[in-house]
Amino acid sequence: MGNRFVKGLLGLMCLAGFTASAQELVPLPPQPEGLAWPTQGWETGEMAPDVAAIIQPIIDIAIAGEKAGPMGETRAVVIIHHGKLVAEAYRDGFGPETKQVSWSMAKSVTSALAGRAVELGLIKDINAPMPMPFDAGDPRAEITWRQWLTMTDGLDYTEIGATGMADNDVIQMMYGPGRFDVLEYIKDELPALHEPGTVWNYSTAAFHLIGHALQGLATDEPTAASFSSWFGRELSNPIGMNALIEFDASENYLGGSLVWASARDFAKFGYLYLRDGVWNGERLLPEGWVDFSRTHPEGTKENVYGAGFWLTTGGADPVPSNQRRDASPWDSFAAEGHEGQTIFIVPSRDLVIVRLGLMDNAGENWPDLFRWNQTIAGAFPDVGAD
């Protein structure tokens with residue numbers, strides 16, 4: 001009891017001052033009375049006929065889509081409503097057990113790992129500098145956990161908005177000169193540009209660095225094998241998520257990019273956040289961590305990203321304007337990845353929607369996919385109206 005109290009107190013101290021706007025957030029719904037947690041698998045349920053009449057054709061059209069069409073090629077759809085699997089569909093060649101790549105949904109998983117480290121007392125204060133591979137005296141060594149988690153680190157980094165492969169840091173870091181050691185690329189190629197905490201800039205590098213820091217805290221030897229074991233013990237195994245994480249040639253966890261799991265298991269991860277970081281009576285993430293994750297950072301004008309999760313805007317104009325996340329339900333927040341991987345979490349509907357696929361990142365595909373998810377979510381009744 002004493003250790004549990006201390007861990008909880010550390011978590012509250014760590015998050016103090018960040019969740020001031022939590023009272024404006026839609027409350028996270030509780031686990032339905034008498035429903036088993038889906039650790040061993042999802043109970044199935046049915047959509048109401050009027051809801052199914054809207055949603056089933058939307059799913060059917062998506063599964064039949066081709067890569068060149070709107071939203072590209074959908075390979076898996078899983079919908080969880082009130083804790084039950086109510087809709088599921090797969091493209092030929094994919095099924096309930098098929099592991100698919102997360103791409104940047106890994107950032108949400110890595111953010112959860114940081115939350116787990118807070119709950120375990122490994123991270124004492126997210127406002128403290130995160131352990132870094134930078135030299136003493138390097139200003140980048142003073143960037144805090146909070147700033148890395150919210151992508152307000154201020155590094156001179158280009159990913160969204162890159163004009164080609166040569167100026168795209170994620171390509172150069174993972175498939176070019178940095179492919180054998182992403183940390184060396186970050187140290188050598190990404191200097192400080194802005195004062196930390198003032199400018200949001202989408203960054204896979206930030207989450208690779210968070211992964212590196214977690215490896216150092218969680219294990220005596222930060223090898224791929226030891227950190228994979230910690231990941232399983234502390235996050236994936238408790239929720240029954242059969243997931244694999246990837247590392248570079250120097251055994252750095254690629255926490256911004258590469259987690260493999262089935263659509264059903266990605267839904268379990270989303271469900272952990274829908275249930276406020278609690279699973280089967282055990283708090284895996286600190287109290288307030290999910291609210292931190294679904295709140296945009298203070299001190300910046302940008303309003304589309306929290307801590308490892310994309311946000312809707314509450315009806316406000318999206319900043320930056322190219323992130324057209326401006327459709328209801330306004331409380332949805334999402335893990336999203338390259339080529340159309342999404343886990344949408346919608347507290348007002350007690351809902352998790354997983355879509356995995358292959359699509360071009362250009363054109364209207366991402367706005368179309370955002371509205372596809374929001375249209376599905378909006379077809380379900382608000383929990384206050386059930």
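Above: the structure in question.
Residues numbered from 1 in each chain as written. Predicted model: local features only at pLDDT ≥ 70, side-chain atom pairs only at ≥ 80, totals over all residues. Heavy atoms only, no water.

Colleague: Give a description of the sheet that holds strand S10 (residues 341–346) that names residues and reports values.
Modeller: In space, the six strands of this open sheet follow the order S2-S1-S11-S10-S9-S8, with antiparallel pairing throughout. Both edges of this open sheet fall to strand S2 (84–90) and strand S8 (310–311), since each of them pairs with a single strand only. The pairing of strand S1 (residues 73–81) with S2 spans six bridges and is antiparallel. Paired with Ile 80 across the two strands is Leu 85, which belongs to S2. Relative to S1, helix H2 (residues 49–64) is tilted by about 155°, and along the sheet it contacts S1 and S2. (Pairing = 2+ DSSP bridges. Helix = DSSP H or I, 4+ residues; strand = E, 2+ residues; numbered from the N terminus. Contact = heavy atoms within 4.5 Å. Axes fitted to C-alpha atoms, helices over the stretch in contact; angles between N-to-C directions.)

Colleague: Could you give me a rundown of the sheet that holds strand S5 (residues 259–261), with the residues and numbers involved?
Modeller: Backbone-to-backbone hydrogen bonds pair the strands of a sheet. The strands run either parallel or antiparallel. Strand order in the open sheet formed by three strands is S3-S5-S4, and the pairing between neighbours is antiparallel. Across the chains shown, the open sheet's two edge strands, defined by having one partner strand only, are strand S3 (100–101) and strand S4 (244–245). For S3 and S5, the ladder comprises two bridges, and the chain directions are antiparallel. In the sheet register, Val 101 faces S5, and the bridge partner there is Trp 260. Packed onto the sheet, helix H9 (residues 263–274) meets S3 and S5 and runs at close to 115° relative to S5.

Colleague: So, the packing of aromatic side chains: which residues are in play, and what are the values?
Modeller: How two aromatic rings sit relative to each other is given by the distance of their centres and the angle of their planes. Considering all chains together, one arrives at 18 aromatic pairs under this definition. Between Phe 227 and Trp 230, the ring centres sit 5.5 Å apart and the planes meet at 20°, which makes this aromatic pair stacked. With Phe 227 and Trp 230 both in helix H8 (residues 224–236) and three residues apart, this pair spans about one turn of that helix. Grouping residues by exposure puts Phe 227 and Trp 230 together as buried. (Phe/Tyr/Trp six-rings, centres within 6.5 Å; stacked < 30°, edge-to-face > 60°. Buried < 20%, exposed > 50% of the residue type's maximum accessible area, 1.4 Å probe, protein only.)

Colleague: Describe the side chain of Asp 331, and please don't skip the residues or the numbers.
Modeller: If you trace the backbone, Asp 331 turns up in the loop between S8 and strand S9 (333–337). For Asp 331, the side chain forms a polar contact with the main-chain nitrogen of Ser 348, separated by 2.7 Å. Filtering out sequence-adjacent residues up to four positions away, Asp 331 remains in contact with Val 26, Thr 312, Ile 345, Val 346, Pro 347 and Ser 348. (Polar contact = N/O pair within 3.5 Å; in protein donor to acceptor, adjacent residues only side chain to side chain.)

Colleague: Explain the layout of surface pockets to me, and be specific about the residues and the numbers.
Modeller: Roughly 930 Å³ of volume is contained in the largest pocket. In terms of lining residues, the largest pocket is bounded by 30 residues, among which Glu 159, Ile 160, His 338, Asn 361 and Trp 366 are the most central. Of all elements in the fold, only helix H5 (169–175), S9 and helix H11 (365–379) reach the threshold of two or more residues within the lining of the largest pocket. Ranked by the residues each element gives to the lining of the largest pocket, the list is headed by H5, at four residues. Looking at the lining of the largest pocket residue by residue, the class counts come to 13 nonpolar, 13 polar and four charged. What the second largest pocket holds in volume is close to 370 Å³. Around the second largest pocket, the lining comprises 17 residues; the ones closest to its centre are Leu 25, Arg 294, Thr 295, His 296 and Thr 312. A class-by-class count of the residues in the lining of the second largest pocket yields five nonpolar, eight polar and four charged. (1 Å grid on protein atoms, 1.4 Å probe; cavity = no way out; pocket = protein on both sides within 12 Å on 5 of 7 lines; lining within 4 Å. Points joined across faces, edges and corners; volume = space filled by probe spheres on them. Nonpolar A, V, L, I, M, F, W, Y, C, P; charged D, E, K, R; others polar.)

Colleague: Which residues make up the pattern of salt bridges, and what values go with them?
Modeller: As enumerated under the stated definition, the model contains 18 salt bridges in all. Ionic pairing is found between Arg 91 and Glu 73, a salt bridge with its closest N-O pair at 3.7 Å. Here Glu 73 lies in strand S1 and Arg 91 lies in the loop between S2 and S3, a separation of 18 residues in the sequence. Its salt-bridge partner being Asp 265, residue Lys 268 comes within 3.6 Å of it at the nearest N-O pair. Taken together, the positions of Lys 268 and Asp 265, both in helix H9 and three residues apart, correspond to about one turn of that helix. In this structure, Lys 268 and Asp 265 share a single accessibility class: buried. (Salt bridge = Lys/Arg side-chain N within 4 Å of Asp/Glu carboxyl O.)

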